[in-house]
Amino acid sequence: SSGINAEYGQCLRIFTTLGRVDQSEQLFAESIVSPLIDQLVSKDQLSLVGLDGMYTSILGSLPSATALVMSLTTPNKDNELRSFDFMNNATFPTIVSKICSKTPFIFAAGDPNQFQKSYKATMKFISGFEELCGYKERVIALRQHPSYKNFISKWSLPIYFQIRLQEIGGSLEHQLLSPFTYNSDVTSDVTCQLPASEMLVTCVTRCWDEDVILEPLTHRFFKLTLQLIRRYTVWLTEIPSSSEELELGDVCRALRDAHNLVHQLPEQIEKVASPHVPQYPASVVLSTCSDVTSSFPVLADYVIAEVTKTSEKVLEQTQAVPRLYRRTNREMPTEPLGYVSALTEPLERHVFDSCLPEHVQKEWCALAASILAERYHDAVSEVLVSLRKTEDSLAMLKRGRKSAATVSTSVVATDEEKIRCQLRLDVQFLRTKFEKMGIAECEAFDKLSGLVAKR
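A brief report on the enclosed structure follows.

## Quick look at the overall build of the protein chain
Reasoning step 1: For the protein chain, the count of helices and strands is 18 helices and zero strands.
Reasoning step 2: Over its C-alpha trace the protein chain gives a radius of gyration of 41 Å, far above what one expects of a compact globule, namely 23 Å for 455 residues.
Reasoning step 3: Dimensions of the protein chain along its principal axes, counting C-alpha atoms only, are 150 × 40 × 25 Å.
Reasoning step 4: Each of the 455 residues in the protein chain was classed as buried or not, and the buried ones make up 46%.
Reasoning step 5: On the protein chain, roughly 23,400 Å² of surface is accessible, and the fraction owed to carbon and sulfur atoms is 52%.
Reasoning step 6: Both charge centroids of the protein chain, one from 48 positive and one from 56 negative side chains, sit 7 Å from each other.

## Considering the environment of Arg-349
Reasoning step 1: Of note, Arg-349 is situated in helix α15 (residues 339–352).
Reasoning step 2: Looking at Arg-349, the relative accessible area reads 48%, which means it is partly exposed.
Reasoning step 3: For the pair Arg-349 and Leu-248, spaced 101 residues apart in sequence, the C-alpha to C-alpha distance is 9.6 Å.

## Describing the side chain of Gln-361
Reasoning step 1: Here Gln-361 lies in helix α16 (residues 358–400).
Reasoning step 2: Overall, Gln-361 belongs to the buried group, its relative accessible area being 13%.
Reasoning step 3: Sequence-distant contacts of Gln-361, defined by excluding residues within four places in its chain, comprise Val-351, Phe-352, Ser-354 and Leu-356.

## Comments concerning the packing of aromatic side chains
The description of two aromatic rings rests on the distance between their centres and on the angle between their planes.
Reasoning step 1: For the structure shown, the criterion picks out 18 aromatic pairs.
Reasoning step 2: Ring geometry for Phe-115 and Trp-155: centres 5.5 Å apart, planes at 65°, overall edge-to-face. Of this pair, Phe-115 sits in helix α5 (residues 112–133) while Trp-155 sits in the loop between α7 (146–153) and α8 (157–177); the two residues are 40 residues apart in sequence, bridging distant segments of the chain. Of the two residues, Phe-115 and Trp-155, neither departs from the other in class, the shared state being buried.
Reasoning step 3: Ring geometry for Phe-115 and Tyr-160: centres 5.3 Å apart, planes at 25°, overall stacked. With Phe-115 in helix α5 and Tyr-160 in helix α8, this residue pair connects regions lying 45 residues apart in the sequence. Pair check on accessibility: Phe-115 and Tyr-160 agree, each one buried.

## Digging into the packing of helix α10 (residues 218–238) against helix α11 (residues 248–273)
Reasoning step 1: Contact geometry of α10 with α11 gives a least axis separation of 12 Å together with a crossing angle of 170°. Classified by the angle between their axes, α10 and α11 sit roughly antiparallel to one another. Across the interface between the two elements, Thr-225, Ile-229, Tyr-232, Trp-235 and Leu-236 of α10 pack against Ala-254, Asp-257, Ala-258, Leu-261, Leu-265 and Ile-269 of α11.
Reasoning step 2: For the contact of α10 with α11, the class distribution of residues is nine nonpolar, one polar and one charged.

## Brief notes about the pattern of salt bridges
Reasoning step 1: Enumeration according to the criterion identifies 19 salt bridges in this entry.
Reasoning step 2: In this structure, the salt-bridge partner of Glu-167 is Arg-206, at a minimum N-O distance of 3.3 Å. A residue pair is termed long-range when its members are at least 10 positions apart, and Glu-167 in helix α8 and Arg-206 in helix α9 (residues 195–206) qualify at 39 residues.
Reasoning step 3: The residue Arg-349 makes a salt bridge to Glu-345 at a minimum N-O spacing of 2.6 Å. Remark: Glu-345 and Arg-349 occur in helix α15; sequence separation between them is four residues, near one turn of the helix.
Reasoning step 4: Of the residues examined, Glu-345 reaches a relative accessible area of 33% and is grouped as partly exposed.
Reasoning step 5: Salt bridges sharing partners connect three or more residues here, namely Arg-164, Glu-167, Arg-206, Asp-209 and Asp-211.

What counts, and at which threshold
- Residues numbered from 1 in each chain as written.
- Predicted model: local features only at pLDDT ≥ 70, side-chain atom pairs only at ≥ 80, totals over all residues.
- Heavy atoms only, no water.
- Helix = DSSP H or I, 4+ residues; strand = E, 2+ residues; numbered from the N terminus.
- Rg over C-alpha atoms; globule rule 2.2 N^0.38 Å.
- Buried < 20%, exposed > 50% of the residue type's maximum accessible area, 1.4 Å probe, protein only.
- Areas by Shrake-Rupley, 256 points an atom, 1.4 Å probe, with all protein chains shown as cover.
- Lys, Arg positive; Asp, Glu negative; His and termini not counted.
- Charge placed at Lys NZ, Arg CZ, Asp CG, Glu CD.
- Contact = heavy atoms within 4.5 Å.
- Phe/Tyr/Trp six-rings, centres within 6.5 Å; stacked < 30°, edge-to-face > 60°.
- Axes fitted to C-alpha atoms, helices over the stretch in contact; angles between N-to-C directions.
- Parallel < 35°, antiparallel > 145°, perpendicular 65-115°, else oblique.
- Nonpolar A, V, L, I, M, F, W, Y, C, P; charged D, E, K, R; others polar.
- Salt bridge = Lys/Arg side-chain N within 4 Å of Asp/Glu carboxyl O.

Below, the structure is given as structure tokens:
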């Protein structure tokens, strides 16, 4: 063995003296490496053991094939044969040449799942090969070698990312076309009530799944994560202008989800992304998630407008109160009319009893109550103005017909008092309804109460 080492060493010195280092490395590639790799790299071998298995076979066979030349050509300064680099100049180029010519289909990005597996197996192989190089100088030289760069360039990472972008981004876009249609296949670790929200979490998480993420594309998947959140935010702000017929309950659920996402999504993203991002930019994620709150005022205005619009139709019944008592001989009222419950029902059902966070419920209820009180005030004012006109007309009639004055005055006064009493009962009941919703103070309601006070 020592004799063989000496003979090989002598041969290499001769090649060095003759300036034939390149030729000796080429000879080693053709006579030693090429026959070995021909046995290990083929379509049949790939089908039999898979790409990972094929790479494992190569790495397992190289030490015995290269041990001698490796021991003779260490890159130490005192080694006269250090100019030889059989691993980088002979072994690696031969291996990748065989892989590219015999199994070129492993580079195809059309099947993203298979491409991702093949790429990761290849990077694992390259790491194993670098370990066999044995020296840091040789590893650095390997990464600068044309064959290494050419082999890496075979992997169409931009195409792979575009396919994943269409897959992940397309899933969210498709769900946003029917955001309130539930899909039992969508699940997430974040509590959501709408399928569109669940799909956002699913897509964000998908970006960082082990069978999706690739290290060179980390920055792109991070950017995609932020883009998905921004797309969801835009969708939220566009809900009120949607041509789709909306249920107020769905809009409230969207806001509830948005509140949850602002607080829970940053933690979820950090959980799945930080293992792949060494210097994880938590502040960027937090800021992007916080931008979801920009949709809150838009959604609030929409819900309050819809609630008060529905209630406004009920207020028309206020105009019918005088007809219930004028010249009907009905008893003095003791109970509020049913329209008052109908007046607050949309607010109670869609806001107070909704899934909204408690502080949002209180805020929205107070805003809606103020609007309702103002409009109720206007409706009652019309009734009272009409009453005064009737009183004035009857007063003139009384002066013209003194003989009937006693009877007329008694009837008109009683009817007017019954009407005012009914309005007071209705307003008092409305106050009770507001108080149950936590609305303790409302300037517009105080003005309404003063309007119907006994005079």
